[in-house]
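Examining the three-dimensional arrangement
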Amino acid sequence: MIYVLIAIVIIFFLTKPFKKDSGMERVENLSRGKTDEQITALKYFLLRGDGGWLNKAKLVSDQEFDDLVEKALNVNNSRQKALDKIGIDESEVNEVEPVNFWGNKYDDGFFKKGNDGKYRASKIQITRIFFSSTQIYIYQDNFNLTESVTSIRTEEYFYKDITNFSTLTETVTIKILGNNETFESHQFAIVVPGNKFMCALPPWGDSYEKVIQGMKAKLREKKQTT
């Protein structure tokens, strides 16, 4: 009997911080009606390792979350979906190979600094840029890994109206567990008179420098012939 009582006491103290302090209660509240992938993303951002061994067993690693992002990109980043939304045929935009950007958005959603020191966000932005002989077509999809809501935007610009293509680095401050974290975020801009169309770039990894230089060369070529 004494061993049963000891076991009950141990379980009580192990599970109490798991519910109260570790973020699991918030995950459970937000998980209603969510997909398995959305719940996994919520666990990544909200669970902490200070809730006992039961909580630790449910933590989502940086790599597991990155795999989730890659899966979401493959699902959402369809060339044909973008062409259909813009309303053009692929034969109309074969001037050069389409450009494909993706990156984190830090305007809202959940954020986390991983164990590898990299900042991750629940909100992802995909941008596809297609090139015809006279203009570019843009498809941009903003989606959140913890929600089913998506926001899609399309634009088109004639080469003659584009001032330039540029990259921008800005300082971003986000709040993580009540603390402000500041770091640099990179974006690509399509500049037209009085406006800039902004595209998020990857927070780390592959460089788009060669791609962007190729876009600038194509713009110079088109401006010389128009």
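This is a predicted model, so every value here is computed, not measured. Every chain is numbered on its own, with residues counted from 1 as its sequence reads. The predicted origin of the model limits local features to residues at a pLDDT of at least 70 and limits the giving and counting of side-chain atom pairs to 80 or more, whereas totals for whole chains, interfaces and linings rest on all residues. The side-chain numbers reported here are obtained from all heavy atoms of the structure, hydrogens and water having been left aside.

A word on the overall build of the chain. Every helix listed is a DSSP run of H or I at least four residues long, and every strand listed is a run of E at least two residues long, numbered separately from the N terminus. The helix and strand tally for the chain stands at 7 helices and 9 strands. For the chain, restricting intrachain contacts to residue pairs at least 6 apart in sequence, the fraction spanning at least 24 positions comes to 58%. Residue-level accessible areas treat just the shown protein chains as cover; the underlying method is Shrake-Rupley with a 1.4 Å probe. Surface summary for the chain: the accessible area is close to 12,800 Å², and the carbon and sulfur share equals 51%. The contact criterion used throughout is that any non-hydrogen atoms of two residues lie within 4.5 Å.

Attention shifts here to the sheet that holds strand β1 (residues 99-105). Strands are treated as partners if at least two bridges between them are detected by DSSP. Taking strand neighbours across the sheet as the criterion, the 4 strands line up as β1-β4-β5-β6 in an open arrangement whose pairing is antiparallel. The outermost strands of the open sheet, each flanked by one partner alone, are β1 and β6 (150-158). For this sheet the average axis-to-axis angle between neighbouring strands, irrespective of direction, equals 15°. In this analysis, axes come from line fits to C-alpha atoms, helices being fitted only over the stretch in contact, and the angle between any two N-to-C directions falls in the range 0 to 180 degrees. Running over the sheet, helix α7 (residues 209-225) touches β1 and β4 (123-131) and is turned about 125° from β1.

Relative to the elements of secondary structure, Q125 occurs in strand β4. Polar contact is defined as a pair of N or O atoms within 3.5 Å, subject to the rule that within protein one atom must be able to donate a hydrogen and the other to accept it, and that residues adjacent in sequence are counted only when both atoms are side-chain atoms. A distance of 2.7 Å separates a polar atom in the side chain of Q125 from the backbone nitrogen of A200. In contact with Q125, other than residues within four places in its own chain, are F101, W102, G103, K105, Q140, D141, N142, M198, C199 and A200.

A residue's pLDDT is the predictor's confidence in that residue, given on a scale from 0 to 100. Mean pLDDT over the chain works out to 86, with 85% of the residues at or above the 70 mark. Predicted confidence for residues 17-21 stays below pLDDT 50, and this span has 12 contacts to residues more than four positions away or in other chains.

What follows is about the packing of aromatic side chains. Two descriptors summarise a pair of aromatic rings, namely the distance from one centre to the other and the angle between the planes of the rings. Ring pairs are drawn from Phe, Tyr and Trp, using the six-membered ring of Trp, whenever the two centres fall within 6.5 Å, and their geometry is named by plane angle: stacked under 30 degrees, edge-to-face over 60, tilted for the rest. Enumeration according to the criterion identifies 10 aromatic pairs in this entry. The interplanar angle of 35° and the centroid separation of 6.0 Å between the aromatic rings of Y106 and F111 together place this pair among those described as tilted. The burial state of Y106 is the same as that of F111; both residues are buried. Between the aromatic rings of Y119 and F183, the centroid separation amounts to 4.1 Å while the plane-to-plane angle is 10°, which identifies the pairing as stacked. One end of the pair, Y119, is in strand β3 (residues 119-121); the other, F183, is in strand β8 (residues 179-192), with 64 residues separating them in the sequence. Classification of Y119 by relative accessible area gives buried; the value is 12%. Three or more aromatic residues joined by ring pairs make a cluster, and in this case those are Y44, F45, F65 and F110. Lysine NZ or arginine CZ positioned within 6 Å of the ring centre and within 35 degrees of the ring normal marks a charge as sitting over the ring. Positioned above the aromatic ring of Y44, the side-chain terminus of K112 is 4.2 Å from the ring centre. A 1.4 Å probe rolled over the protein chains alone gives each residue an accessible area, and that area as a share of the maximum for its type sets the label: buried under 20%, exposed over 50%, partly exposed in between.

We now examine helix α5 (residues 62-76). Because each turn of an α-helix spans 3.6 residues, side chains separated by three or four positions in sequence point in the same direction. Each residue after the first adds 1.5 Å to the expected span of a helix. With 15 residues, α5 should cover 21 Å at 1.5 Å per step; its first-to-last C-alpha distance of 21 Å lies within 8% of that length. Turning to α5, its buried residues are D62, F65, L68, V69, A72, L73 and N76. Each buried residue of α5 lies within a common arc of 135° when the element is viewed along its axis, so the set occupies one face. In this structure, α5 carries N74 and V75 as exposed residues pointing more than 90 degrees from its buried face. On its buried side, α5 packs onto α3 (36-46), α6 (79-86), β1, β3, β4 and β5 (135-144). This arc is taken over the directions from the axis of the helix to the C-beta atoms.

Here we come to the pattern of salt bridges. Salt-bridge detection follows one rule: a side-chain nitrogen of Lys or Arg within 4 Å of a carboxyl oxygen of Asp or Glu. Taken as a whole, this structure holds 14 salt bridges when the rule is applied. A salt bridge links E90 to R79; the nearest nitrogen and oxygen atoms lie 2.7 Å apart. One end of the pair, E90, is in the loop between α6 and β1; the other, R79, is in helix α6, and 11 residues separate them in sequence. For R79, a relative accessible area of 27% gives the class partly exposed. One salt bridge connects D107 with K123, and the closest N-O pair in it is separated by 3.2 Å. A residue pair is termed long-range when its members are at least 10 positions apart, and D107 in the loop between β1 and β2 (111-113) and K123 in strand β4 qualify at 16 residues. Via salt bridges that share partners, D62, D66, D116 and R120 belong to a single interconnected network.

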